[in-house]
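A structural walkthrough
This is what each chain is made of:
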Amino acid sequence: MNNNKLLIINGPGLSDLSNFNDYGYEHLTLEKLQNKCLETCKSLGMELDFFQTDDQATLTKKIVEGITECDALIINPVGYSHESTFDLDAYASNIKSDTLKNKPVIEVHITNIFHDNEGISEPVIVSKSGVGFICGLGVHSYELAIRAIHEKLNHN
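The shown structure was predicted, so the numbers you read here are calculated from the model rather than taken from an experiment.

1. Here we look at the pattern of salt bridges
Applying the stated criterion across every chain, the model contains four salt bridges. Among the salt bridges present, the one from lysine 36 reaches glutamate 143, with a minimum N-O distance of 4.0 Å. A residue pair is termed long-range when its members are at least 10 positions apart, and lysine 36 in helix α1 (residues 30–43) and glutamate 143 in helix α4 (residues 139–154) qualify at 107 residues. On the basis of relative accessible area, glutamate 143 is assigned to the buried category, the value being 16%. Sharing partners across several salt bridges, the network here consists of Lys36, Glu39, Glu143 and Arg147.

Pasting the structure below:
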């Protein structure tokens, strides 16, 4: 059933986006990011559930429970890319479960994670499951992901 509802989950580190100033994204805030996502969804006739947490258990719970009410998931796991205590297998398993339900999933990052100084060498979930991936476009990473999901939901 397609109700055109999208879930966007932002992981640790995205509650304060001032650290992205060094990447040329001055004055970026979570509120500005959310407003851009809402604006894009509204223009496409989509509903949006926008969520951010710094807690792994809360993030996992939101993935499992939230996706049942939504048709697709965009996730920025940012801080988990650096976490040595993060249970990547459990996380990837939950994402894979969503993709097996034929729900599109896209991992996004504001910056280019492949850049030498970024500290992240590969996507968190893409290599573990069949999901899409967009990075390095700032807020436009989210906008592009929303448009791609809209296309997938409405033209397949």
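Picking up after the structure, the text goes on.
2. So, the packing of α1 against α4
Between α1 and α4, the least distance of the axes is 10 Å, while the angle of their chain directions is 25°. Regarding the angle of α1 to α4, the classification is roughly parallel. In this structure, α1 meets α4 at a crossing whose hand is right-handed. Contacts from Leu33, Lys36, Cys37, Thr40, Cys41 and Ser43 of α1 reach α4 at Val139, Tyr142, Glu143, Ile146 and Arg147.

3. Focus: the side chain of aspartate 71
One can find aspartate 71 in the loop between α2 (56–66) and β3 (72–76). For the buried aspartate 71, no salt bridge exists, and the shortest N-O distance to an oppositely charged side chain is 5.5 Å, to lysine 103. There is a polar contact of 2.7 Å between the side chain of aspartate 71 and the backbone nitrogen of asparagine 4.

4. A short note on the packing of aromatic side chains
The geometry of an aromatic ring pair is captured by the separation of the ring centres together with the interplanar angle, meaning the angle of the planes. A complete count under the given rule lists zero aromatic pairs for this structure. Above the plane of the ring of phenylalanine 51 lies lysine 62, whose end atom (NZ or CZ) is 5.0 Å from the centre.

5. Looking at the sheet that holds strand β5 (residues 132–135)
Read from one edge of the open sheet, five strands run β2-β1-β3-β4-β5, paired in parallel fashion. Edge positions in the sheet fall to β2 (47–52) and β5, since each has one partner strand and no second. Averaged over all neighbouring strand pairs, the angle between strand axes comes to 20°, with direction disregarded. Inspection of the sheet shows strand β1 (residues 5–10) paired to β3 by five bridges, in the parallel sense. Counterpart to isoleucine 8 in the pairing with β3 is isoleucine 74. In this fold α1 packs onto β1 and β2, with an angle of close to 160° to the strand it touches most, β2. Along the sheet face, α2 touches β1, β2 and β3 and points at about 170° away from the line of β1.

Conventions and cut-offs
Residues numbered from 1 in each chain as written. Predicted model: local features only at pLDDT ≥ 70, side-chain atom pairs only at ≥ 80, totals over all residues. Heavy atoms only, no water. Salt bridge = Lys/Arg side-chain N within 4 Å of Asp/Glu carboxyl O. Helix = DSSP H or I, 4+ residues; strand = E, 2+ residues; numbered from the N terminus. Buried < 20%, exposed > 50% of the residue type's maximum accessible area, 1.4 Å probe, protein only. Axes fitted to C-alpha atoms, helices over the stretch in contact; angles between N-to-C directions. Parallel < 35°, antiparallel > 145°, perpendicular 65-115°, else oblique. Left-handed = near helix turned anticlockwise from the far one by under 90°. Contact = heavy atoms within 4.5 Å. Lys, Arg positive; Asp, Glu negative; His and termini not counted. Polar contact = N/O pair within 3.5 Å; in protein donor to acceptor, adjacent residues only side chain to side chain. Phe/Tyr/Trp six-rings, centres within 6.5 Å; stacked < 30°, edge-to-face > 60°. Lys NZ or Arg CZ within 6 Å of the ring centre and 35° of its normal. Pairing = 2+ DSSP bridges.

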